[in-house]
Amino acid sequence: MKGTVIVFCLTVLLPVGLWGQTDGVARGVQSADVLLQGGASSEVLLDEGTEHTNGRYDHAVNFGVKGGFTSSLFLVSNFMLNGERITEVQNNYKIGYFGSFFMRINFRQHFLQPEISYTVDNCNITFNKPVPEDAGEDYLAETASITSRIRSIEVPVIYGYNIIKEGPYSLAVFAGPKIRYILRKASSVTFDNFDQEGVSETLYPINFSVTAGVAVTISRIFFDFRYDLGLHNISKRMTYHPVIEDASGELLESSNQIRFHRRDNVLSFSFGVFF
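From a predicted model like this one, the values you see are computed outputs, not experimental measurements. (Residues numbered from 1 in each chain as written. Predicted model: local features only at pLDDT ≥ 70, side-chain atom pairs only at ≥ 80, totals over all residues. Heavy atoms only, no water.)

Trainee: Describe the packing of aromatic side chains, naming the residues involved and giving the relevant values.
Mentor: This model, assessed by the stated rule, comprises eleven aromatic pairs. Relative to Phe101, the ring of Phe63 has its centre 6.2 Å away and its plane inclined at 20 degrees; by these criteria the two rings are stacked. Placement of Phe63 in strand S3 (residues 61-81) and of Phe101 in strand S6 (residues 95-107) is noted, with a sequence separation of 38 residues between them. Aromatic side chains Phe223 and Phe269 sit 6.4 Å apart centroid to centroid with 15 degrees between the ring planes, which places their arrangement in the stacked category. With Phe223 in strand S13 (residues 221-230) and Phe269 in strand S15 (residues 258-274), this pair connects stretches of sequence that are 46 residues apart. Site record: aromatic cluster; members linked through ring pairs are Phe79, Phe127, Phe191, Phe194 and Phe260. Here Arg104 stacks its cationic end above the ring of Phe111, 3.9 Å away from the centre of that ring. The cationic tip of Arg262 hangs over the ring face of Phe74; the distance from NZ or CZ to the ring centre is 4.2 Å. (Phe/Tyr/Trp six-rings, centres within 6.5 Å; stacked < 30°, edge-to-face > 60°. Helix = DSSP H or I, 4+ residues; strand = E, 2+ residues; numbered from the N terminus. Lys NZ or Arg CZ within 6 Å of the ring centre and 35° of its normal.)

Trainee: Break down the environment of Leu171 for me, with residues and values.
Mentor: Within the element layout of this structure, Leu171 appears in strand S9 (residues 169-182). Separated by 52 residues in sequence, Leu171 and Phe223 have C-alpha atoms that sit 9.9 Å apart. Ignoring anything within four residues of it in the chain, the contact list for Leu171 reads Tyr161, Asn162, Ile163, Ile164, Val214, Ala215 and Val216. (Contact = heavy atoms within 4.5 Å.)

Trainee: How would you summarise the nonpolar core if you had to cite specific residues and measurements?
Mentor: Counting residues in hydrophobic clusters, the biggest one holds 21 residues, and the most contacted among them are Phe127, Ile146, Phe191, Phe194, Val199, Met238 and Ile258. Counting only elements with at least two residues in this core, the list comes to S3, strand S7 (110-128), strand S8 (143-166), strand S10 (188-192), strand S11 (197-203), strand S14 (235-241) and S15. Excluding anything up to four places from it in sequence, Ile146 contacts Phe79, Cys123, Asn124, Ile125, Phe127, Val189, Thr190, Phe191, Phe194 and Phe260. (Core = buried A, V, L, I, M, F, W, Y, C linked by side-chain atoms within 4.5 Å. Buried < 20%, exposed > 50% of the residue type's maximum accessible area, 1.4 Å probe, protein only.)

Take a look at the structure:
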């Protein structure tokens, strides 16, 4: 009799217990499906505003700031002093600085980046002055120099391509045009050891150049190196008071005593951050 009761209990209770376990598993699977569906919908909502790439989020438009240092190089052409052409000049590199605000418009691997910068470029060149016709064999050539400190507002617009774009890291190359407005009242050009007195230079206020470079980005921080190539002469005119006298004691004609044409090329390094 007892055996009959035990068999009856096992027959009734065991399926009920198994049904409860099966129902719990089914409910767990259903909950997991709901979570997965919710995660998928969250991902869809995220993709509507940003592009998710292995942990990095690129907005369609980024803003940022950057600052850095510059080194200017003057390419001198048509340099005449005292009626003679100067063919050799020594560029003595000086450090300048700049600060920029920019906007980056992203197109997957490509981007367009307009910028506005306040820049201070410094440069110095030295050269040997022409040897006088009556100089003796033991004559030592004299040197003269031109030192520039140019303050300007610059607006480059660059197009870039991300060669590498993995997770928070990217490596990009870029190039584009740049327009510069020179703040002439805030800029200065100094002429040392010239025979003429009161030498001054007037610069063209608007200059054009092209820029190209490479940028490395780590999350929101980036570094870029670029080289700006000036496209035209920036020296508008030279003014001075001639002091050289000829054999009769009269002042020489000053029309061709100083002629100075130059383009400026700039190498720069910057550190920046995306907002």
